Amino acid sequence: MHSRRGVAFDATRKRARLDPVLWTAFASSAGPIALVSPWATLAAAGIVAAVLARAGARWLVAAAVLAFAVGAARGYRAMARYERARSATIEAGSWPARCAGRGIVSRSPVALGGAVRVEIEADELHCHEGPPLRGRVTLHVPRDEADPELELARGDTVSVLASLAPPYRFWNDGAGDPRPLSARRGAVLSGGAEDVVVERAGSGLLGAIDRVRAHVRRRIVATFPAETSPMARALVLGEDDLPADDQRAFRRSGLAHLLAVSGMHLVLVVMGIVAALRALLVRVPVVAARFDAARIAAGAGLPVAWIYAEIAGGSGSAVRAAWMCTVALLARALARRTAPWRALGLSVLAMSAVDPLVAFDVSFVLSALATGGLVALARPIEAAMATHLCVRGRSLPVFVARPLATTAAATIACAPVLATMAPELPLSGLVANVVAVPLGEAAALPLCLVHALLVGWPAAESGCAAAASGALLLVRMVARAFTWGALPVPAPTAAELAVFAAAAAWLALGRLRVAFGATFGRLRAALGRPGVVLGLGATALVLLEVVARARGAPRGVLRVTFLDVGQGDSALVDLPDGSAMLVDGGGLVGSPIDVGERAVASVLAARRRSRLAAVVLSHPHPDHYLGLASGLARVQVDSFWDTGQGEDEGAAGAYAELLTDLRRRGAAVLRPADLCGARTIGGAVVEVLAPCPGVVPDRGANDNSFVVRVRFGERAILFTGDAEHDAEAELVERLGARGGLRADVLKVGHHGSRTSTTAPFVAAVDPGVAVISCGVRNRFGHPHPSTLATLADAKVRVLRTDRVGSVVVTTDGRSLDVRTAADE
């Protein structure tokens, strides 16, 4: 028999699980996800709705379905509005362009590297002939450390002169739809500012906060050592500007949250200030005698939460925590109580109401999941540790068990999303957090915050900076020491994420009396057991992973994916026996964007590719090879095809480093003399047509590009690298008459330049489809109108990666299927 207290506890727990705010909030934020992963999202939502309905909460199902539909509609509207604005901007002229105009700073400036990223709402921007453009623009304003930093703040009216273009977004098959995130950011143009003039300084609280941020940033740079200054800025201002090695160490050790303005940071700071204010008020006799000091302090903490969230950069995690603090503090100020689940639900619901696409903000999602994990799992895990983890017959000390349980709870909840961001999970973080969290939360964070208040006291400011630097260096030392425990994991598919979500919801509702009917009593009992639910979920994940691997390496077909790598070239060729080869790796010249990581590696991971039979570098130009280093970092390469021209002319830089690394890893480097002619690779016939028998000394790298035709059955696809008129003419003369160039799909040479794709060459190839790999921002004007006209005259269907994203061509040797990322 249960005691009344136990029954009351169960009733409270049931109300928490059926909290209408919580489930409505989750439904509202999940609605827009159905726009990019409809079947997986609807399946997960259907399972949750069925469990809720069987639990007797049909009214809650109706409310959640309505919230889901409204969320999806609002998300669709936001995405459609942005896509229209982006398309209109792209069609306005060639990019990049030199633009002049004016606008209002709309978001808090962020320092990254040697520039400050500023977003403005431009009301008048002249880039081409015609009417001025309007919309959000992201500017990168150079910083001159020798002069006072140009202080920009929200609300400032500025005039700008900048080189702008639509931002890249790398829309590739299987690697996720970039449209929601682009719509959230809202920028239709981005680029480097040549001149920015403040016409009128903005007034108001947000502008004042940005000026405080600029002041704190200057003092950190002035007083912290160079190796800890980026860490201090990350901790206080939320500016992610760490060196690559430090970023990798913190990510692999599971300590990245310590150098981010997480929800936990905000709660600690705000609640610490509230506690200090309460302690002060109770010592004021007049206040203590007439008022409730705790309620007054809680009310005063409301604006503190929002001001600190803005000073810390206004990330999704900070804003969500500010909402949750608002709920908790408001309840305390009104002498009411609120459950953690209700506070979490209200914070998620509020952010979904303000931003319909908030579910695509990774920091928000991780913050919400971590909070849910802490509330639901931390205590059970700690209790399990007390029961099962004993040292010499004694339970683990609380100061060890509690941090371990807290870290485990947050890690378990966030693991599926973390796996989409990196191909490994930081298992060593369970121990690293026990060591590093006290240093970060109890030493580094308060010292960095106090440092910001000591500007008028130079000696104290310098001393505080030194002490904070010591704590930060210790945290970094811990991060570097715990990089060994990363567990490799595949990036979960949309269906696998749906299984995680459905299983988590089922477990949350599992102990309710789910009435499946008398005839299904045993099934009802089984499905209410956590072990059974976990087993079903694990089985579903295994089956879905088998499906993902089968789809990533199809058999019996030739599939070629022309990747969206911006202004460059890259294509993944899936061969009929399940193996694969890669042709070029893209590369953005003069850009900090690593296209190998953003595009090539993400597609290989989505396809579950850990080995490539061959990698073909058509010619040694950076827009074809810069992405190979990071793109191939986690992939075994059997052979690397290289014309050798770059090495013959004295290889240096990234190209030489790539060759050295591939040779060190055991890849056979093959030259034209080894490759010219036809061979069967993976069930397809691969013909190297040029440069044969070797490079032509008096030709440039473009005209010495590898020209490769891949045939399977009756179908063929032709890759031409950057071959220009001379190479095309030689190929037509040598192979055109006997059909040696015939192909169903032509990868247009040199990104559609006017120096390639002559009419005789197109006639000899006679393609039905031509793919042009180019970027929305290229100073060359690719593709050239004359090239497009030549293809139009030949009645060739043209697909451009800058407009439709990746292009996937699949053939079984007879039929030919062509689809684009935009078709999905």
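The sections below set out a description of the structure shown in this document. From a predicted model like this one, the values you see are computed outputs, not experimental measurements.

Overview of the packing of helix α7 (residues 229–237) against helix α16 (residues 429–451)
Consideration 1: Remark: α7 packs on α16, axes separated minimally by 10 Å, with the N-to-C direction vectors making an angle of 85°. In terms of orientation, α7 and α16 fall into the roughly perpendicular class. Residues Ala232, Leu235 and Val236 of α7 pack against Ala444, Leu445, Cys448 and Leu449 of α16.
Consideration 2: Here the residues of the contact of α7 with α16 sort into 7 nonpolar, no polar and no charged.

Some words on the sheet that holds strand β25 (residues 797–800)
Consideration 1: Ordered by their spatial adjacency, 7 strands build an open sheet running β19-β20-β21-β22-β23-β24-β25, and the pairing between neighbours is mixed. Single-partner strands in this sheet number two, and they are β19 (677–681) and β25. With strand direction ignored, the average angle separating the axes of adjacent strands in the sheet is 20°.
Consideration 2: The sheet contact formed by strand β22 (residues 715–719) and strand β23 (residues 745–747) spans 3 bridges and is parallel. Looking at β23, one finds that Ile717 is bridged to Val745.
Consideration 3: In the packing of helix α27 (residues 725–735) onto the sheet, the strands contacted are β20 (684–690) and β21 (707–712), and the crossing angle to β20 comes to about 115°.

Focus on the sheet that holds strand β17 (residues 639–642)
Consideration 1: Reading across the sheet, the 8 strands line up as β18-β17-β15-β13-β12-β11-β26-β27 and stay open at both edges, with mixed pairing between neighbours. Taken across any chain shown, the strands that pair with only one partner, and hence form the sheet edges, are β18 (668–670) and β27 (816–820). Between one strand and the next, the sheet's axes are offset by a mean angle of 15°, whatever the strand orientation.
Consideration 2: Where strand β13 (residues 580–585) meets strand β15 (residues 614–617), 3 bridges bridge the pair, whose relative direction is parallel. Residue pairing for β15: Val583 is matched across the bridge by Val616.
Consideration 3: Running over the sheet, helix α25 (residues 653–664) touches β15, β17 and β18 and is turned about 150° from β17.

As for the state of the cysteines
Consideration 1: Counted under the stated rule, the structure contains 2 disulfides.
Consideration 2: A sulfur-sulfur distance of 2.1 Å marks the disulfide that ties Cys99 to Cys127. As the torsion about the S-S bond is roughly 120°, the Cys99-Cys127 disulfide counts as right-handed. Here Cys99, found in strand β1 (residues 97–105), pairs with Cys127, found in the loop between β3 (115–126) and β4 (133–142); they are 28 residues apart in sequence, far enough to count as distant. Like Cys99, the residue Cys127 is buried in the burial classification.
Consideration 3: Across the disulfide, Cys676 is cross-linked to Cys692 (sulfur-sulfur distance 2.1 Å). Across the S-S bond of Cys676 and Cys692 the torsion is about -100°, and the bridge reads as left-handed. On the criterion of sequence distance, the pair formed by Cys676 in the loop between α26 (672–675) and β19 and Cys692 in the loop between β20 and β21 is long-range, its members being 16 residues apart.
Consideration 4: Assessed through its relative accessible area of 27%, Cys676 is described here as partly exposed.

Points about the side chain of His265
Consideration 1: Structurally, the position occupied by His265 is in helix α9 (residues 263–281).
Consideration 2: The exposure class assigned to His265 is buried, which follows from its relative accessible area of 0%.
Consideration 3: Of note is the side chain of His265, whose polar atom sits 3.4 Å from the side chain of Glu441.
Consideration 4: When sequence neighbours within four positions are dropped, the list of residues in contact with His265 reads Leu235, His257, Leu258, Ala260, Glu441 and Leu445.

A word on the pairing of strand β26 (residues 807–811)
On any regular strand, side chains alternate: one points to one face of the sheet, the next to the other face.
Consideration 1: Within β26, 5 of the 5 residues are buried, which leaves it mostly tucked inside the rest of the structure.
Consideration 2: Here β26 shows two buried faces, one formed by Val807, Val809 and Thr811 and the other by Val808 and Thr810.
Consideration 3: Pairing analysis gives 5 bridges linking strand β11 (residues 558–562) to β26, with the strands arranged antiparallel. Paired with Thr561 across the two strands is Val808, which belongs to β26.
Consideration 4: Strand direction decides the pairing type here: β26 and β27, joined by 5 bridges, are antiparallel. If you follow Thr810 over to β27, its bridge partner there is Asp817.
Consideration 5: Linking β26 back to β27 in an antiparallel pair, the connection comprises 4 residues, with Gly813 at a positive phi of about 100°.

Some thoughts on the nonpolar core
Within soluble globular proteins, side chains that are nonpolar generally end up buried alongside one another.
Consideration 1: Ranked by internal contacts, the top residues of the largest apolar core, which has 44 residues, are Phe224, Phe250, Leu255, Leu259, Leu266, Cys448 and Leu472.
Consideration 2: If you list the elements that add at least two residues to this core, you get α6 (205–223), α7, α8 (244–252), α9, α11 (293–311), α12 (316–333), α16 and α17 (458–481).
Consideration 3: Apart from the residues within four sequence positions on either side, Cys448 is in contact with Phe224, Ala232, Leu235, Val236, Ala468 and Leu472.

About the criteria used
Residues numbered from 1 in each chain as written. Predicted model: local features only at pLDDT ≥ 70, side-chain atom pairs only at ≥ 80, totals over all residues. Heavy atoms only, no water. Axes fitted to C-alpha atoms, helices over the stretch in contact; angles between N-to-C directions. Helix = DSSP H or I, 4+ residues; strand = E, 2+ residues; numbered from the N terminus. Parallel < 35°, antiparallel > 145°, perpendicular 65-115°, else oblique. Contact = heavy atoms within 4.5 Å. Nonpolar A, V, L, I, M, F, W, Y, C, P; charged D, E, K, R; others polar. Pairing = 2+ DSSP bridges. Disulfide = S-S within 2.5 Å. Buried < 20%, exposed > 50% of the residue type's maximum accessible area, 1.4 Å probe, protein only. Polar contact = N/O pair within 3.5 Å; in protein donor to acceptor, adjacent residues only side chain to side chain. Core = buried A, V, L, I, M, F, W, Y, C linked by side-chain atoms within 4.5 Å.

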